[in-house]
Amino acid sequence: MTFSSILFYLTFTALAWGPISYFGFGSGAKQEYYQKNSENGYELVAETNSNAASLYFMYSWSGCGLRYFFKNQYAANAYARYMKSAWSKSKIEPFIKGHAIDLERFEKAKVDEYDSFNDFFIRKLSMSAQLDLEKRCGESASQNKVYSPADSKLLVIENIGQNTPFQIKGKQFSLETFLGDADLAGQYANGTMLIFRLAPYDYHRFHFPVSCMPGAPSTLGKSYESVNPIAYKSGVQPLTQNLRHMIKLENINRTGKQALMLPVGAMLVGSIKETFNVNTQCQAGQEAGYFEFGGSTVVLLFKKGDLTVEKHFLEHSNKHIETAVEVGEIIGSIV
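Cut-offs used in this document
Residues numbered from 1 in each chain as written. Predicted model: local features only at pLDDT ≥ 70, side-chain atom pairs only at ≥ 80, totals over all residues. Heavy atoms only, no water. Helix = DSSP H or I, 4+ residues; strand = E, 2+ residues; numbered from the N terminus. Buried < 20%, exposed > 50% of the residue type's maximum accessible area, 1.4 Å probe, protein only. Contact = heavy atoms within 4.5 Å. Areas by Shrake-Rupley, 256 points an atom, 1.4 Å probe, with all protein chains shown as cover. Phe/Tyr/Trp six-rings, centres within 6.5 Å; stacked < 30°, edge-to-face > 60°. Lys NZ or Arg CZ within 6 Å of the ring centre and 35° of its normal. Pairing = 2+ DSSP bridges. Axes fitted to C-alpha atoms, helices over the stretch in contact; angles between N-to-C directions. Disulfide = S-S within 2.5 Å. Salt bridge = Lys/Arg side-chain N within 4 Å of Asp/Glu carboxyl O. Expected span 1.5 Å × (residues − 1). Arc of directions from axis to C-beta. Core = buried A, V, L, I, M, F, W, Y, C linked by side-chain atoms within 4.5 Å. pLDDT = per-residue confidence, 0-100.

Our next topic: the overall build of the chain. Counting secondary structure elements, the chain contains 12 helices and 18 strands. Looking at the 335 residues of the chain, the share that counts as buried comes to 54%. Residue pairs at least 24 apart in sequence account for 73% of intrachain contacts in the chain once pairs closer than 6 positions are excluded. A total accessible area of about 14,600 Å² is found for the chain, and carbon and sulfur atoms account for 51% of it.

Below is the structure:
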């Protein structure tokens, strides 16, 4: 743990919360999403977001200087060093209690088994949980199902193109900029985009949504904007600016078709790590990688006509409202 990392953490705490507490930014802020209820239907619930006030401040005119400081590589790396240190271990238990996180499904089921907050943040599923996930995905393989790659909030955008009004602000989304390849953007024009947003309290490993042959990741972008809806509402376009890896998924569900998976970093995310072997057959549900500390996003892209999405996800997304999903949950089918 370096002196600069400690200084950065103290500076972050003072800058991020001092002005907010004084001026009262973010009061009354509320974000909602759809979540399954006990009757197997869906209901709107408020999202737990202890950083909402901080984000509202940073994505306002008053806090833009603070935002520009925290969205760069230096800030992400410095904060990552703190989160990987023993100093951060004391944050684990209050975080677990605050977000009601069940450790029983993970490899390390006790708080004292984690060496740092980042060690907890990148926690792995237990062997039994991972095998169960792969079994559930495998049982539906013959039906060409597509599964959620992560515990997250899902937003579906059909007919994605170069002039698609994106999120609530209506800012134009450039598929070519997002993919960094004009020819590839042409292939996926008018296709379907699935955006899986991971909050800091979510399990931060991502898994293959289909059986496939994954190619080598290519790196795009270099910024670290927040991926929270608050950022989109301010007019910022995190998906085309943030550090992201693009992975081509070949022969999805043995249909000969291709899809794209792009894990996208976010504010104070230290790095994106892949854990699969390139050009090796991978099964749906198999672990593909993980994000180090911070909120993050996984984007899936399918070509026009290749994917049918479950009706309720489309209905919710057409209202510009996300739906909570679990890793391995069925999202749709390959056509």
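Back to the write-up after that little detour.
This next bit is on the packing of aromatic side chains. The full count for this structure, using the stated rule, is 7 aromatic pairs. Centre to centre, the rings of Phe106 and Tyr203 are 5.7 Å apart; their planes meet at 35°, and the pair counts as tilted. Remark: Tyr203 occurs in the loop between β7 (191-198) and β8 (205-207) and Phe106 occurs in the loop between α5 (92-99) and α6 (117-121); sequence separation between them is 97 residues. Note on accessibility: Phe106 and Tyr203 belong to one class, buried. Geometry around Phe120 places Arg123 over its ring, the cationic atom sitting 4.3 Å from the centre.

With that settled, consider the sheet that holds strand β14 (residues 287-291). Strands sit in the order β8-β14-β13 across an open sheet of 3 strands; the sheet is antiparallel. Both outer strands of the open sheet, β8 and β13 (272-274), are each paired with one neighbouring strand and no more. The mean inter-strand angle of the sheet, taken between neighbouring strand axes irrespective of direction, is 25°. Examined bridge by bridge, β8 and β14 share 3 bridges and lie antiparallel to one another. Paired with Phe206 across the bridge in β14 is Gly289.

Moving on to the state of the cysteines. Evaluation of the coordinates by the stated rule reveals 0 disulfides. The structure places no disulfide on Cys212, whose sulfur is separated from the nearest cysteine sulfur, that of Cys282, by 5.6 Å.

Attention now moves to the sheet that holds strand β18 (residues 330-334). Sheets are built from strands paired through backbone hydrogen bonds, the pairs being either parallel or antiparallel. The sheet built from 3 strands is open, its strands ordered β3-β18-β16 with antiparallel pairing. Each end of this open sheet is capped by a strand with a single partner; those strands are β3 (145-147) and β16 (307-309). Averaged over neighbouring strand pairs, the angle between their axes works out to 35° when direction is ignored. In terms of strand pairing, β16 meets β18 through 3 bridges, oriented antiparallel. By the bridge assignment for β18, Val309 is matched with Gly332.

Using the criterion set out here, one finds 11 salt bridges in the structure. Across the pair Arg197 and Glu47 runs a salt bridge whose closest N-O atoms are separated by 2.9 Å. One end of the pair, Arg197, is in strand β7; the other, Glu47, is in the loop between β2 (42-46) and α2 (52-58), with 150 residues separating them in the sequence. Neither residue differs from the other here; Arg197 and Glu47 are each classed as buried. Where Lys108 meets Asp119, a salt bridge forms, and the shortest distance between an N and an O atom there is 2.9 Å. One end of the pair, Lys108, is in the loop between α5 and α6; the other, Asp119, is in helix α6, with 11 residues separating them in the sequence. Lys108 gets classed as partly exposed once you look at its relative accessible area, which sits at 23%. When its relative accessible area of 18% is taken as the criterion, Asp119 is described as buried. What you see here is one network of salt bridges that share partners, running through Glu47, Arg197 and Glu322.

Let us look at helix α7 (residues 127-139). The terminal C-alpha atoms of α7, which comprises 13 residues, lie 18 Å apart, in line with the 18 Å expected from a rise of 1.5 Å per residue. Considered for burial, the residues of α7 that qualify are Gln130, Leu133 and Cys137. Across the axial projection of α7, the buried residues extend over an arc of 60°, all falling on one side. When the buried face of α7 is taken as reference, the exposed residues oriented beyond 90 degrees from it are Met127, Ser128, Lys135 and Glu139. Contacts made by the buried residues of α7 are with β3, β8 and β14.

Below, the discussion takes up the nonpolar core. By size, the foremost hydrophobic cluster in this structure holds 31 residues, and its most contacted members are Leu194, Met261 and Phe302. Leaving out residues up to four positions away in the same chain, Met261 has contacts with Phe206, His207, Phe208, Pro209, His245, Met246, Ile247, Leu249, Ala288, Val298, Val299 and Leu300. Core analysis: the second largest hydrophobic core is formed by 25 residues, Tyr114, Ile122, Cys137 and Ala284 among them.

Right, let's get into the pairing of β14. With 5 of 5 residues buried, β14 is to be regarded as a mostly interior element. Pairing of β13 with β14 involves 3 bridges; the strand directions are antiparallel. Bridging from a neighbouring strand, Ile272 pairs with Phe291 of β14.

Let us now look at the confidence of the model for the chain. The predicted coordinates of low-pLDDT regions are not to be read in fine detail. Model confidence for the chain is summarised by a mean pLDDT of 81, while 72% of its residues fall at 70 or above. Predicted confidence in the chain is weakest over helix α1 (residues 3-23), with a mean pLDDT of 41, and strongest over strand β9 (residues 213-214), with 98.

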